Every structure is written in C-alpha cells, then in structure tokens.
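Commentary on secondary and tertiary structure
Chain by chain, the residues run as shown.
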Amino acid sequence: MAGFEETLVAAREGEAEALARLFRLIYPRFVCYVGAVTPTDAEDVAADAWLDVARGLHRFEGDEQAFRAWAFTIARRRLLDLQRSRARRRTDPVEPEDLVGAGGAGDVEEEALARLGTGWAIRLITSSLSSDQAEVVILRVIGELGVDEVAAIMGKRRGTVRVLQHRALRRLAMVLEGQGVTR
Amino acid sequence: MSGWDDLPYEMPIGTIDEDTTDRLLAGRIHPDDAPPGYAGVARILQAAGSLPRSEHLSREAELVAAAREVMSLRSPPGGGAGGSPTRHRRALAGLIVTGALLGIPGLAAANALPDPAQHAVSRVLHKVGISVPGNEDHPASTGQEISNIATTTSSIGVAKGAEISTAASGGKSQAGQHGRQAGQHGRQAGQHGRQAGQHGHQRNGGARSSHTPSVGGTGRADAASNGKSTHGTAKADVKSGGRSSAGSGNAATVPTAPIEHGGGKPAAHP
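Residues numbered from 1 in each chain as written. Chains lettered and ligands numbered in written order. Predicted model: local features only at pLDDT ≥ 70, side-chain atom pairs only at ≥ 80, totals over all residues.

**Some thoughts on the overall build of chain A**
Looking only at helices and strands, one finds 10 helices and 0 strands in chain A. Counting from the amino terminus, chain A carries its helices and strands in the arrangement α-α-α-α-α-α-α-α-α-α. Split into buried and exposed, the 183 residues of chain A put 43% on the buried side. Here the contacts in chain A between residues at least 6 apart in sequence split such that 64% fall between residues at least 24 apart. (Helix = DSSP H or I, 4+ residues; strand = E, 2+ residues; numbered from the N terminus. Buried ≥ 20, exposed ≤ 12 C-beta atoms within 10 Å, placed from the backbone. Contact = placed C-beta atoms within 7 Å.)

**Points about the packing of helix 2 (residues 16–37) of chain A against helix 4 (residues 64–86) of chain A**
Residues and elements named next belong to chain A. Closest axis-to-axis distance for the helix 2/helix 4 pair is 11 Å, and the angle between their directions is 35°. Read as a crossing pair, helix 2 and helix 4 show a hand that is right-handed. The segment helix 2 lies against helix 4, with Ile-26, Phe-30, Tyr-33, Val-34 and Val-37 engaging Arg-68, Ala-71, Phe-72, Ala-75 and Leu-79. Here the residues of the contact of helix 2 with helix 4 are counted per class, giving 9 nonpolar, no polar and 1 charged. (Axes fitted to C-alpha atoms, helices over the stretch in contact; angles between N-to-C directions. Left-handed = near helix turned anticlockwise from the far one by under 90°. Nonpolar A, V, L, I, M, F, W, Y, C, P; charged D, E, K, R; others polar.)

**So, the environment of Arg-123 of chain B**
Residues and elements named next belong to chain B. Counting through the fold element by element, Arg-123 comes out in helix 6 (residues 115–127). Judged by the 12 C-beta atoms lying within 10 Å of it, Arg-123 falls in the exposed class. Spatially, the C-alpha atom of Arg-123 lies 9.6 Å from that of Pro-133, the residues being 10 residues apart in sequence.

**Re unusual backbone geometry**
Despite not being glycine, Glu-144 of chain A shows a phi value in the positive range, around 55°. Here Glu-144 of chain A is to be found in the loop between helix 8 (131–141) and helix 9 (147–154).

**Comments concerning the interface of chain B and chain A**
By a widespread convention, an interface's size corresponds to the accessible area lost as its parts come together. Across the contact, 35 residues belong to chain B and 43 residues belong to chain A. Residues of the side of chain B that touches chain A, tallied by class, amount to 21 nonpolar, 7 polar and 7 charged.

Written out as structure tokens, the structure is:
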C-alpha cells in the first residue's frame, strides 16, 4: 500500500483511488467533529470541508499528521461559517442523565458499556463540557491531534489547551462518577 | 498489587498529570488501568475515538468524484486564458473609470461638453490646477440676472424679447430676426407682423418704418407671398374675431380687422 506521500502526490494529480484514501482518512472524522456541534448539518458541512480540502490540495505540503491538522483547520472554518450564518450555536444538548442513567435495577456499567458508541460518547462529551473543553477533547481524540496542533487550530496558546483538556477530563470523570459509571 | 478496579467504590477522583492526560486522550490507557475515578473517562474517550467509518463512507464515490471535478476546475497557477467573472467585471469597471477620467477632461479641454457640464468640469479642474475653457463668458448665468434685464431694459416688444433671449442664450438666440415666415402662411404673416415690420425697418434703414413700420414688413411679406399674406391675415383675423395676432400693416389695410383687439395692437412702433 502506498505511503501518505505517494498518496498525496497521486491525489494532486486527480487519481481517484488516492483521493478516496484521503477521503477515508478525514471525512468520517469531519462528520464526527462537526456532528458534535451541529448534528443535523454534519454531513453537509463535512462534505463542503472535504471539497475545500480537495481545492487546496495542491498547496499542502507535509506528512499525514500535518495533513489532518490542516484538514481540521478547514473543517473548523466551515463550521464557524455555518455558526456565523445562523448567529447561534446548535448543540442540541442532551442531559447526561438521559444518556447514562438509563438503567437502574441492573448493572449500570454493563448497560452503559453496551450503549457506548462514537456518537453516544461525543454527545456525552459535548453535553457535559464547555464548548472549548469539548472541542479540545474532540480534536485530540477524533482528529488524533497533538496539543500544539489543537492550539494552532483553535487559535489558543498551548498552555490554555493543556488547562482546557485537564479540566475537561476531570469534569467528565465527575459527571460519570455521579452517574455511577465509574467506580 | 491490586488494580484500579479493586479500589473502593467511593474512591475520590484523583489528580492526573499531563502525561496521563495525553495518554487518556490518545486512547492508550485501558479502563482497567485508568487512575481512580477515570475508568469511565477512558471508556468514553475510547468509544469516541473508534470512528464508525463505514457509516460515513456511503457518499465516498459521490464526494471523490466531486473532488476530482473541483480540482479540474481549478485554474492553473499564474492564471490561464480564462478568469473569474469577478475579475472580468473588475477589469471592465477599471476601463470605464479610466476612460471617464481621461475622456471627460479631454472633452472639457475641447470645450465640447454641454454648458452645465463644461462649467462644472472647468471648476473642478481649476481647483486642481488644470485650466480648461469654462462658460464664464456667458452673459447671464443666473436667473436673477435675466430678471434684471427683463425689468430694467428700455426696449419693448420684440426688441425686449430679443434682448432677453440673447442674454439668456449667450448670443445664440436669433429671436426677432426672422420675418420671412410671414409670407408662408396668412396666419403666420399676421402673427409675425411685428417681426416682419422690424425686419423691414432694418432693411430699409428705418425710413419707411418711421411712418408705417408694420406696412413695410407686411408689404414685404405680402410681396413675398404674392398677396397671400394680407389675405391670410385678414382671414385669420376674421376667424379669431379680431383676437388673432393679425396686426401691423395688414390691420390697417383690412378694415374688418379691429386693430385694438388681439395681436394687432403691438404693430405700433414707439
């Protein structure tokens, strides 16, 4: 299988298979990332962001990690455009109780584990954390990005991102503890 | 040594360091190995990171094709033969503005603009140190000035009108100078009798007009029209009940036209 560099070169030439590999690399992440903020528009915004990536592919230079960071910068810009156009944030918040505390008589942890899925986990993250904390966690987990890359994408300092992610995990732990998921 | 799961149920949430935070976020800590209070966090983060890729790949063919299309539409670096419509519009607008900036002063320098425009451009260009002909020589640039001429002139009748018209038009008006129309139609002859008389007065050195100024003009008009002018004037006068402008000499020669009515009256010269 071709390495990332070869894939990138072929994709720039418009080779379908190379573009498809790049698509599989970032599009599902885009959907999850955008869906964490605006679930109803996730597919559309992710598609627009993907086409923006394709348009700018000839300008990109770097490895796979840098490519993900660059692609998420584009996706985030698309997301902000959407939010500006609507002038309001659509997070469709869901109370943690609705997500976690479904069980009662049985084994709560088992029930929670059975219901664990990417969408469910992301909704729990976004509903439990502040928007900045949630975005840091999602960019780090779904984008597989480092602190420096997340800081660059969000326009924040490295130290700020570190504080945000630390508080985010502690907050998540407290929420889950309160629901009996953690012991 | 016991694992994290062996800790008491009410174990308080501990503090984690940066490295543990990074490893949790990277999904590299199994829930069983998570610090006290963080097992659920580890599960949540692992679940979030395990992307359901197939679920999002149903549009792969469509979006890859779309990507190829947008890439093929991208103009080559440096610009090719084609350009964006916006760029074309900007270029056209630039040409129009440049043309206007060059053309208007050129027309102004040639004094080829309409008077108001010439005056305005002249004033603007004068402010930036460029001198082009203006319409400063206009004898009467304001309505007040025209009004003053109209109220203070000693001329009356045609002469007054001609004076005002001349002032207002900067000498371009030919008002009061054309009497020949009098011979073309009887009614016109009557209407322009005064003009005809004036014309005759001028042509004949004023000798005849001093006595019968209107007759001279009308006579000329009459001669020119082979007698139709007189006839036409009388006819117009009859038709109008004396209110037509039949005047001057015709009024005197045709008794049926009472000269004290209508336009015949001004036939008398001062």
